[in-house]
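Structural overview
One-letter residues, chain by chain:
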Amino acid sequence: MPSIARAPPRRDRDARCPQSSVGITPEVMQHLFEPFFTTKGPGRGTRLGLATVYGIVEGAGGFVSVESTVGAGEVADATSTSTPGIVPP
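Read on for a plain summary of the structure. (Residues numbered from 1 in each chain as written. Predicted model: local features only at pLDDT ≥ 70, side-chain atom pairs only at ≥ 80, totals over all residues. Heavy atoms only, no water.)

**Details of the overall build of the chain**
- Scanning the chain for helices and strands turns up 2 helices and 4 strands.
- Beginning at the N terminus, the succession of helices and strands in the chain can be written as β-β-α-α-β-β.
- Put simply, the chain has 89 residues, and 27% of those count as buried.
- Looking at the chain alone, contacts between residues at least 24 apart form 62% of all its contacts between residues at least 6 apart.
- For the chain, the computed accessible surface area is about 5700 Å², with 57% contributed by carbon and sulfur atoms. (Helix = DSSP H or I, 4+ residues; strand = E, 2+ residues; numbered from the N terminus. Buried < 20%, exposed > 50% of the residue type's maximum accessible area, 1.4 Å probe, protein only. Contact = heavy atoms within 4.5 Å. Areas by Shrake-Rupley, 256 points an atom, 1.4 Å probe, with all protein chains shown as cover.)

**Let's talk about the pairing of strand β3 (residues 63–69)**
- Of all 7 residues in β3, 5 are buried, a share of seventy percent or more.
- Pairing geometry for β3 and strand β4 (residues 73–79), over 7 bridges, is antiparallel. Bridging from a neighbouring strand, V66 pairs with A76 of β4.
- Where β3 folds back on β4, the antiparallel hairpin that results is connected by 3 residues, among which G71 adopts a positive phi of roughly 90°. (Pairing = 2+ DSSP bridges.)

**What about the environment of V70?**
- Following the sequence through the fold, V70 ends up in the loop between β3 and β4.
- A residue is classified by how much of its surface remains accessible, and V70, at 52% relative accessible area, is exposed.
- Separated by 47 residues in the primary sequence, V70 and G23 place their C-alpha atoms 4.1 Å from one another.

**Some remarks on the nonpolar core**
- The biggest cluster of nonpolar side chains holds 9 residues, and these are I24, M29, L32, F33, V57, V64, V66, A76 and A78.
- Listing elements by their share of this core, those giving two or more residues are β3 and β4.
- Apart from residues lying up to four places away in sequence, I24 is in contact with M29, L32, V66, S68, V70 and E74. (Core = buried A, V, L, I, M, F, W, Y, C linked by side-chain atoms within 4.5 Å.)

**Digging into the side chain of S68**
- Locating S68 in the fold gives a position in strand β3.
- On the basis of relative accessible area, S68 is assigned to the buried category, the value being 1%.
- A polar side-chain atom of S68 sits 3.2 Å from the main-chain carbonyl oxygen of G73. (Polar contact = N/O pair within 3.5 Å; in protein donor to acceptor, adjacent residues only side chain to side chain.)

**Brief notes about the environment of A60**
- Position of A60 among the secondary structure elements: in the loop between α2 (49–59) and β3.
- Here A60 falls in the exposed class, since its relative accessible area comes to 60%.
- Residues A60 and S80 lie 20 residues apart in sequence; the distance between their C-alpha atoms is 7.4 Å.

As structure tokens, then:
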């Protein structure tokens, strides 16, 4: 399962957001946290969703990771440093 993470995968997490979609290709995964990156057409969405989540969570000392399987959907996890046992890098 391809994944992109800004921190090592962890078993503890504060939020898990599964999405049932067609999944994310490895090429698109490379751009997930870039502001204004989208695969949608003009006028559809703000293109700030994951970039905003990433900025807020990372700004608070946490981590964001996304895993996806093409044809099976994806899941995004957010973990804060206040979770017991989590030590920032």
